[in-house]
Amino acid sequence: MTAETAHQIRSLTVLPARREDVELHTADGLTLVGELALPVENDPAATLLTLHPLPTHGGFMDSHVYRKAAWRLPALADLAVLRFNTRGTSSPRGTSEGAFDEGQGERYDVAAAIELAEFRGLPRPWLVGWSFGTELVLMHGADPAVEGAILLSPPLHRATDADLDRWAATGKPLVVLVPEHDDYLQPDEARRRFARVPQAEVIGVDGAKHLWVGEPAVRRVLDEIVGHVLPGHPLPLPTHWDGPLDA
């Protein structure tokens, strides 16, 4: 293996970060399991609070886009990344207490993530939802402590026009990444639905699918996240790493 190959940012590369197993405690008495990844040397420039896809269809804190965000963005962009299992969800990290509640009881899970960021003094929290996670962002994430939100593949199954109107009233940034070939909501319809939120930026992503499979799709997502959370940060993100590797 050449040195260049060893340092190339590939799907299995884990870049340096301070990683902590964390527990989130909800107002209705549950303990949720998660991980916080932080830059090694610098204070975080901003914080991503991630909400995973539908747990009844395989979504969890290790869903691949979030796993790669946690593995890469602390080193490449000085971002803190919180991943956690919503109620009743399992991963190698463990199982969060409670049971899946169709997005209703999960309001307490979203609040617990925001509270953890506040307690830890993590700066500039942004919610990042993917699929079912976008419903949680829209339904429960319009919190004064949140700076903005990024939605990946929003199906708009559970979130209503009232939820969109609530986000519109906050004036907070809402970035919506919609795959061209999404199974549930495609770019033209997304632009129509999100027109209720004047500050929403709907970005159609050519060639992408709901699950953002493949390294080019992941890189596009991570570039968009960094570009909106850290305006002016150099993009695209590096595809090679010259420093030490965690694994």
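Residues numbered from 1 in each chain as written. Predicted model: local features only at pLDDT ≥ 70, side-chain atom pairs only at ≥ 80, totals over all residues. Heavy atoms only, no water.

Engineer: Where do I start with the pairing of strand β3 (residues 46-51) in this structure?
Structural biologist: In regular strands, side chains alternate between the two faces of the sheet. Counted residue by residue, β3 has six buried out of six residues, so it is predominantly covered. Neither face of β3 is left uncovered, since the one carrying A46, L48 and T50 and the one carrying T47, L49 and L51 both have all their residues buried. Taken together, the four bridges between β3 and strand β4 (residues 79-84) define a ladder with parallel strand orientation. The partner of L49 across the bridge, within β4, is L82. The handedness of the β3 to β4 crossover, carried by helix α2 (residues 64-77), is right-handed. (Buried < 20%, exposed > 50% of the residue type's maximum accessible area, 1.4 Å probe, protein only. Helix = DSSP H or I, 4+ residues; strand = E, 2+ residues; numbered from the N terminus. Pairing = 2+ DSSP bridges. Right-handed = clockwise from strand over helix to strand, strands pointing away.)

Engineer: Help me understand the nonpolar core, please; the structure alone is not making it clear to me.
Structural biologist: Note that soluble globular proteins tend to have their nonpolar side chains buried in a common cluster. Core analysis: the largest hydrophobic core is formed by 42 residues, its most contacted members being L24, L82, L127, L138, L174 and F194. Sort the elements by how many residues they give to this core and helix α3 (residues 106-120) lands first, with six residues. Setting aside its immediate chain neighbours within four residues, F194 contacts L138, L151, P154, L156, L164, L174, V176, L185, A200 and V202. A46, V128, I203 and I225 belong to the second largest nonpolar core, which has 35 residues in total. (Core = buried A, V, L, I, M, F, W, Y, C linked by side-chain atoms within 4.5 Å. Contact = heavy atoms within 4.5 Å.)

Engineer: What should I look at first to understand the packing of α3 against helix α4 (residues 132-140) in this one?
Structural biologist: Working note: a packed helix pair is described by the angle between its axes plus the distance between those axes. Between α3 and α4, the least distance of the axes is 10 Å, while the angle of their chain directions is 80°. Taken together, α3 and α4 sit at an angle that is classed as roughly perpendicular. Contact residues: E106, R107 and V110 in α3; F132, L136 and H140 in α4. In terms of residue class, the contact of α3 with α4 is made up of three nonpolar, one polar and two charged. (Axes fitted to C-alpha atoms, helices over the stretch in contact; angles between N-to-C directions. Parallel < 35°, antiparallel > 145°, perpendicular 65-115°, else oblique. Nonpolar A, V, L, I, M, F, W, Y, C, P; charged D, E, K, R; others polar.)

Engineer: Explanation requested: the packing of aromatic side chains in the structure shown.
Structural biologist: Here the distance between the centres and the angle between the planes together describe a pair of aromatic rings. Going through the model one piece at a time under the given rule, you end up with two aromatic pairs. Looking at R67, its charged tip hangs above the ring of W71, at a distance of 5.2 Å from the centre. (Phe/Tyr/Trp six-rings, centres within 6.5 Å; stacked < 30°, edge-to-face > 60°. Lys NZ or Arg CZ within 6 Å of the ring centre and 35° of its normal.)

Engineer: I keep staring at the pairing of strand β7 (residues 125-130) and nothing clicks. Help me out?
Structural biologist: Burial analysis of β7 places six of its six residues in the buried class, the great majority of the element. Where β3 meets β7, five bridges bridge the pair, whose relative direction is parallel. Considered in β7, the bridge of L49 is made with L127. For β7 and strand β8 (residues 148-152), the ladder comprises five bridges, and the chain directions are parallel. Following the sheet pairing, W126 is matched in β8 by G148. Between β7 and its parallel partner β8, the chain crosses via α4, and the hand of that crossover is right-handed.

Engineer: What am I meant to see in the packing of α4 against helix α5 (residues 161-170) here?
Structural biologist: Running from N to C, α4 and α5 cross one another at 65°; their axes reach a closest spacing of 8 Å. In this structure, α4 uses V137, L138 and M139 to contact α5, whose residues at the interface are D163, L164, R166 and W167. Its residues placed into classes, the contact of α4 with α5 shows five nonpolar, no polar and two charged.

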